[in-house]
Amino acid sequence: MMRKKSEIACCSHKRDCKMRKLLQADDVSCNYLHLFVLGRKTKEALRIPGLPLLGNVVALGKYGVAYISKCRSKFGDSFTLSLCGQRMTFLFDPAMIDAFFKSPDSEITFRPAVEQFTQRVFGLPSKEFFPKHAHILRDLRHLLVPSELLGHAMKLTSKFNFLRVSLFLCDGQVELFSAVRSLVFRSAVAVLFGDSLLSIPDGGAEELEHTFFAFEEGFELAASPIPHMFQPGFCTSRQKLLTWLEAACKDPAFRETTCGKLVEMSGLRSTLVPHMLLAVLWASQANTVPATFWSLAMLMLPENKDYAETVLSDVDDIVMKRGDSNNVVLAASTKPCSESSMESSDRLSMEPVLKDEQLSAIAKASFQLATDRRSLISRCVAEAIRLRVHSIDLRMAAQDITLISSSGSKVSLPKGRLMAICPFETHHCSDLFPPEAFRFNPNRQHLVLGDGTAVPPSLSGLAFGGGPYRCPGRFFAEMEVALFVQLILWHVDLTFTNETAVFKEEPGTEHQNNQSTVLPTNLTHGRPQAGSTLSKVLHLLIGDEAVVWGLGVFDVAASETGSKLLQRWINSGDEDGLLPPCNLQRLVGIKVPSEPCYVRAMVRHSKSSL
Ligand code: HEM
């Protein structure tokens, strides 16, 4: 029996389909049962009311995932937003998410959905870039296969050894996100792009880092239709990055790096090369920095102390088994320097770089664990990523299609409709991550979608996308994050401090999101301007629903449950709220903290140095 081309088989979510269980039907028969026997009607996803012309863009831009969640709780598992005339249908049913990733390009396509990023943000003209896109993805994936990772891990470790003393001062107060950001960015850029990119005149690595994160902050707005002339900060930082990337390509050593090899294989016109490198720079840094921060921060929580100790003793065990223990003072048995009887001048004098053989033994053990998906550190990283995952992933309907949910209901989408999934909302759903999706639990079951081919079963769920366009840097990223978390834990004992900052922030390290909205108060605490004249006029002109959903203004009573949910979200995995809340506003990329996270870092010292 041939499947109708426009009807996408989605009924592979085996646990949920009662009809399948009852009749013991296979995937295809099950879909046909729903289509013809049960005769469910196909309908368009519900359109959310909104403002004339602007639709829902104001509310979505202001409240991000909080608004998406609100729409889901009111309108169900599929609904359509209007964003300045462009319709975007959100899908939450697991079978539809599977189809979103699994369907061939002739049905659900990638290119037109992400063109606004590649073209507007990175300046890559679609006509020239997309014919090469599949090859570039394949080549990057090939350059970062697991068998290539040990060399990268050793280079990352030597960068860590160089930077750790300045970033984690002995007995000093540290803003953890800034320290992690500098460590991860400077190390990974050196490994993937070469040292020359970090040695730009007038400021070197610090200037590059500062400029990149200014670009990153403007990234989402730059993809929107708002003209770039209104975003001068973004334009300046992009221009600087392009100039530095162009210069870095000319260094002969660049050819030996991962990105140098990628450029050579890509066959892209030379003027486009810096633009492609900018895209890879963004993709390789924007997520790993917050992923490392959250993984480390979750392991610092008192309730996760046992996990943190086991992570360290796992490293020790491997070092012992390999017979390298003579060279290494085991991390779990070392005390932070503040607990020793040493004077602080002694502690600082012991600060110097570890001996090569010590570091190499620790790094090899950490690497082994970082690349083993079953190890505790890998599971902790995956779980932290799950809880702070991005809020949107996009595709587009390449023809008129009908999606079928796990329960057999059907949703039709016209050709050209933008389709979105929301991993952040999905990852907080206890049906998919039982028993308690909001808890940090590295021992939980993997997410299994459909037959597991589009999104491989994993704790980190949808964090790396799926299907042919899944993240090509996944293995590298998982290794990098887990390696750094282990090295940092091995090097310093970190404790939260309630004190406010006692140090002056260095230029370029200021916290990005201090000003941003963490939790949209009027999404949870009522309608602040309900009585204003403007509000009354708007209500009269376009109706209550359009104002409420167009601007995101809700009543307290109606949103009491939603309010609790939102409050739990910004601190999910952290019941006592010790960590900074995460910023729910941004849709793209792993969530960043919206407040600084001050910690006291006490360097562990080796017994052999005593
Ligand atoms: C924790 C870290 C990371 C996360 C969570 C992540 C996540 C993602 C996601 C969700 C996508 C889109 C996939 C889709 O739509 O199906 C993506 C694409 C991509 N990622 Fe990653 N990524 C990470 C790290 C990296 C690293 C380290 C690299 C490079 C070394 C990288 C390179 C890329 C590239 C080049 C793309 C674009 C693919 C395209 O244009 O089709 N990523 N990543």
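Residues numbered from 1 in each chain as written. Predicted model: local features only at pLDDT ≥ 70, side-chain atom pairs only at ≥ 80, totals over all residues. Heavy atoms only, no water.

S.K.: Before we move on, could you go through the overall build of the protein chain and cite the residues and values that matter?
M.R.: Scanning the protein chain from terminus to terminus reveals 24 helices and 13 strands. Counting only residues that meet the buried cut, the protein chain has 58% of its 610 residues in that class. Taking all contacts inside the protein chain whose residues are at least 6 apart in sequence as the whole, residues at least 24 apart take part in 76%. Surface summary for the protein chain: the accessible area is close to 25,900 Å², and the carbon and sulfur share equals 56%. (Helix = DSSP H or I, 4+ residues; strand = E, 2+ residues; numbered from the N terminus. Buried < 20%, exposed > 50% of the residue type's maximum accessible area, 1.4 Å probe, protein only. Contact = heavy atoms within 4.5 Å. Areas by Shrake-Rupley, 256 points an atom, 1.4 Å probe, with all protein chains shown as cover.)

S.K.: Before we move on, could you go through the environment of Val280 and cite the residues and values that matter?
M.R.: Tracing the chain through its elements places Val280 in helix H13 (residues 273–285). What makes Val280 buried here is its relative accessible area of 13%. Expressed as a C-alpha distance, the spacing of Val280 and Phe122, which sit 158 residues apart in the sequence, is 9.8 Å. Among all residues touching Val280, those that are not within four sequence positions of it are Phe193, Cys259 and Leu262.

S.K.: Any chance you could break down the coordination of the iron atom of the ligand for me, citing the residues and the numbers?
M.R.: For the iron atom of the ligand, the protein contributes exactly one donor atom, Cys471 (SG), at 2.3 Å. Residue position: Cys471 is located in the loop between helix H19 (423–427) and helix H20 (474–491). (Donors = N, O, S within 2.8 Å, 3.2 Å for Na, K, Ca; no water.)

S.K.: Describe in detail the pattern of salt bridges, supporting the description with residues and values.
M.R.: Enumeration over the complete set of coordinates arrives at 22 salt bridges. One salt bridge connects Asp139 with Arg138, and the closest N-O pair in it is separated by 3.2 Å. According to the relative accessible area criterion, Asp139 is buried, its value standing at 8%. Accessibility expressed as a relative area gives 48% for Arg138, which makes it partly exposed. Residues Glu209 and Arg181 are paired through a salt bridge, measuring 3.0 Å at the closest nitrogen-oxygen approach. Of this pair, Glu209 sits in helix H10 (residues 204–223) while Arg181 is found in helix H9 (residues 176–193), placing the two residues 28 residues apart along the sequence. Note on Glu209: relative accessible area 2%, which makes it buried. Via salt bridges that share partners, Arg72, Asp77 and Glu425 belong to a single interconnected network. (Salt bridge = Lys/Arg side-chain N within 4 Å of Asp/Glu carboxyl O.)

S.K.: So what's going on with the sheet that holds strand S12 (residues 492–496)? Residues and values would help.
M.R.: In sheet architecture, strand pairing relies on hydrogen bonds along the backbone and comes in two forms, parallel and antiparallel. One open sheet accounts for three strands, arranged S7-S13-S12; its pairing is antiparallel. Both outer strands of the open sheet, strand S7 (172–175) and S12, are each paired with one neighbouring strand and no more. The mean angle between the axes of side-by-side strands here comes to 40°, regardless of whether they run parallel or antiparallel. Two strands pair when backbone bridges link them, and S12 and strand S13 (residues 598–603) are joined in this way by five bridges, in the antiparallel orientation. Considered in S13, the bridge of Val492 is made with Val603. Helix-sheet contacts for H9 involve S7, S12 and S13, and the interaxial angle to S7 is about 75°. Each of S12 and S13 is contacted by helix H14 (residues 288–300), which is oriented at about 75° to S12, the strand it contacts most. (Pairing = 2+ DSSP bridges. Axes fitted to C-alpha atoms, helices over the stretch in contact; angles between N-to-C directions.)

S.K.: I'd like a rundown of the pairing of strand S10 (residues 410–413), residues and numbers included.
M.R.: Going residue by residue along S10, you find Lys410 and Ser412 tucked away on one face and Val411 and Leu413 tucked away on the opposite face as well. Here strand S9 (residues 401–404) runs beside S10; their pairing, made up of four bridges, is antiparallel. Each residue of the ladder has a partner; that of Leu403, found in S10, is Val411. Linking two consecutive strands that pair antiparallel, namely S9 and S10, is a turn of five residues; a positive phi of about 100° is found at Gly408 within it.

S.K.: Would you mind going over a nonpolar patch on the surface in detail, with residue names and values included?
M.R.: A cluster of nonpolar side chains, contributed by Leu221, Ile226, Met229 and Phe230, occupies part of the molecular surface with about 450 Å² of accessible area. Position of Met229 relative to the elements: it lies in the loop between H10 and helix H11 (232–249). (Patch = residues over 30% accessible without salt bridge, like charges linked within 9 Å, V, L, I, M, F, W, Y side chains within 5 Å.)

S.K.: So what's going on with unusual backbone geometry? Which residues, and what values?
M.R.: Residue Pro435 follows Pro434 across a cis peptide bond; omega there is -5°. On the secondary structure map, Pro435 appears in the loop between H19 and H20. The residue Leu53 is not glycine, and still its phi comes out positive at about 65°. Of note, Leu53 is situated in the loop between strand S3 (46–47) and helix H3 (57–63).

S.K.: Tell me about the nonpolar core, residues and numbers included.
M.R.: Counting residues in each nonpolar core, the largest one holds 151 residues, and the members touching the most others are Phe90, Phe168, Leu176, Phe193, Phe215 and Leu494. For this core, the element with the most residues is H9, which contributes 13 residues. Ignoring anything within four residues of it in the chain, the contact list for Phe215 reads Val121, Phe122, Phe234, Ser237, Arg238, Leu241, Leu278 and Trp282. One finds Ile108, Ala397, Ile421 and Leu447 within the second-largest nonpolar core, a separate group that totals 23 residues. (Core = buried A, V, L, I, M, F, W, Y, C linked by side-chain atoms within 4.5 Å.)

S.K.: Any chance you could break down the sheet that holds strand S11 (residues 418–421) for me, citing the residues and the numbers?
M.R.: With respect to topology, six strands assemble into an open sheet ordered S3-S4-S5-S11-S8-S6, the strand pairing being mixed. In this open sheet, the two strands that pair with only one neighbour each are S3 and strand S6 (108–109). Looking at chain direction, strand S8 (residues 393–397) and S11 are connected through four bridges and run antiparallel. Of the residues in S11, the one forming a bridge with Leu394 is Ala420.

S.K.: Lay out the UniProt feature "binding site: heme" (unreviewed entry) in the protein chain in plain terms, naming residues and giving numbers.
M.R.: In the UniProt entry, the feature "binding site: heme" (unreviewed entry) is given for Cys471. The class for Cys471 is partly exposed, based on a relative accessible area of 32%. Residues in contact with Cys471, not counting those within four places in the same chain, are Arg141 and Phe464. (UniProt positions renumbered as here; feature names shortened; annotations may be inferred.)

S.K.: Talk me through the site of the ligand; I want residue IDs and the actual numbers.
M.R.: Within the structure, the ligand sits among 27 residues, and His133, Asp393, Arg395, Tyr469 and Cys471 are positioned closest to it. In this structure, His133 approaches the ligand through a side-chain N or O atom, which is 2.9 Å from an oxygen atom. One of the backbone N or O atoms of Tyr469 is found 3.4 Å from an oxygen atom in the ligand. For the shell around the ligand, the elements supplying multiple residues, two or more each, are helix H7 (126–143), H13, H14, S8 and H20. No other element matches the three residues that H7 contributes to the shell around the ligand. (Near = heavy atom within 4 Å. Polar contact = N/O pair within 3.5 Å; in protein donor to acceptor, adjacent residues only side chain to side chain.)

S.K.: Tell me about the side chain of Asp139, and name the residues and values.
M.R.: Relative to the helices and strands, Asp139 resides in helix H7. A distance of 3.2 Å separates a polar atom in the side chain of Asp139 from a polar atom in the side chain of Arg138. Sequence-distant contacts of Asp139, defined by excluding residues within four places in its chain, comprise Leu262 and Met265.

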